[in-house]
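# Observations on the model geometry
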Amino acid sequence: MARDVFHQQVKNALIKEGWNITHDPLTIRISEAVKLQIDLAAEIAFAAERGADKIAVEIKSFIGDSDISSFHTALGQYLNYCQALEEQEPDRLVYLAIPVDTYYDFFQLPFIQRTLKRYQVKLVVYDPKLEEIQSWIN
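Predicted model only: the values in this text are computed from it and were never measured.

This next bit is on the overall build of the chain. When helices and strands are tallied, the chain shows four helices and eight strands. Listed N to C, the secondary structure of the chain is α-β-β-β-β-β-α-β-α-α-β-β in terms of helices and strands. Scaling as 2.2 N^0.38, a compact globule of 138 residues should have a C-alpha radius of gyration of about 14 Å, and the chain matches this with 15 Å. Taking the principal axes of the C-alpha coordinates as reference, the chain spans close to 40 × 35 × 30 Å. Residue burial in the chain is summarised as follows: out of 138 residues, 42% are buried. The long-range share in the chain, meaning contacts at least 24 apart out of those at least 6 apart in sequence, stands at 58%. Accessible surface for the chain amounts to roughly 7,800 Å². Of this, 48% is attributable to carbon and sulfur atoms. Taking the average place of the 14 positive charges on the side chains of the chain and the average place of its 20 negative ones, the gap between the two points comes to 3 Å.

As structure tokens, then:
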């Protein structure tokens, strides 16, 4: 599996926010012959009485020729990962990590907004230069 261009930057941003990276990548076997690999898995304890929040993050750079093609791929992966984790790790939430510039340009298109809403896509908006998370969108 090839890592995304901004893999390390997103990983560093999550660590800055106090997340413990538990898997890099998180591998989920959906059959004897097929396995899925999500870029990162992380967890953080917010309070003892709440337990630990767990996430899986699929990182995308959107630096190719076609944002819509990248979006098709990212959405398909996201949906597959959600289903696989729902079956095997239902307490782990899946997030799609996207660069801040892509979020404010491409992800504001009405079609993309409707798609995100329809499929309830959770986003992590990151700044690859600063290695920071700009926002979490549920």
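Still more to cover.
Attention now goes to the pairing of strand 3 (residues 35–38). Regular strands place side chains that alternate from one sheet face to the opposite one. Burial along strand 3 is one-sided: the residues Leu36 and Ile38 are buried and none of Lys35 and Gln37 is. In this sheet, strand 3 lies alongside strand 2 (residues 26–29) in antiparallel orientation, the contact comprising four bridges. For Arg29, the partnering residue across the bridge sits in strand 3 and is Lys35.

Scored by pLDDT, the chain comes out at a mean of 89, with 92% of its residues at no less than 70. Least confident of the elements in the chain is strand 4 (residues 40–47), whose mean pLDDT is 65; most confident is helix 4 (residues 110–118), at 98.

What follows is about the environment of Gln88. Take Gln88: it is sitting in helix 2 (residues 67–88). Classification of Gln88 by relative accessible area gives partly exposed; the value is 41%. Sequence spacing of Gln88 and Arg29 is 59 residues, and the spatial spacing of their C-alpha atoms is 9.1 Å. In contact with Gln88, other than residues within four places in its own chain, are Ile28, Arg29 and Ile30. A polar side-chain atom of Gln88 sits 2.6 Å from the main-chain carbonyl oxygen of Arg29.

In this structure, the largest pocket occupies an estimated 220 Å³ of space. Contributing to the lining of the largest pocket are 13 residues, with Tyr78, Cys82, Gln83, Glu86 and Val94 lying nearest its centre. Top element by residues in the lining of the largest pocket is helix 2. It accounts for six residues. Looking at the lining of the largest pocket residue by residue, the classes come out as eight nonpolar, two polar and three charged.

Reading the values: rules and limits
Residues numbered from 1 in each chain as written. Predicted model: local features only at pLDDT ≥ 70, side-chain atom pairs only at ≥ 80, totals over all residues. Heavy atoms only, no water. Helix = DSSP H or I, 4+ residues; strand = E, 2+ residues; numbered from the N terminus. Rg over C-alpha atoms; globule rule 2.2 N^0.38 Å. Buried < 20%, exposed > 50% of the residue type's maximum accessible area, 1.4 Å probe, protein only. Contact = heavy atoms within 4.5 Å. Areas by Shrake-Rupley, 256 points an atom, 1.4 Å probe, with all protein chains shown as cover. Lys, Arg positive; Asp, Glu negative; His and termini not counted. Charge placed at Lys NZ, Arg CZ, Asp CG, Glu CD. Pairing = 2+ DSSP bridges. pLDDT = per-residue confidence, 0-100. Polar contact = N/O pair within 3.5 Å; in protein donor to acceptor, adjacent residues only side chain to side chain. 1 Å grid on protein atoms, 1.4 Å probe; cavity = no way out; pocket = protein on both sides within 12 Å on 5 of 7 lines; lining within 4 Å. Points joined across faces, edges and corners; volume = space filled by probe spheres on them. Nonpolar A, V, L, I, M, F, W, Y, C, P; charged D, E, K, R; others polar.

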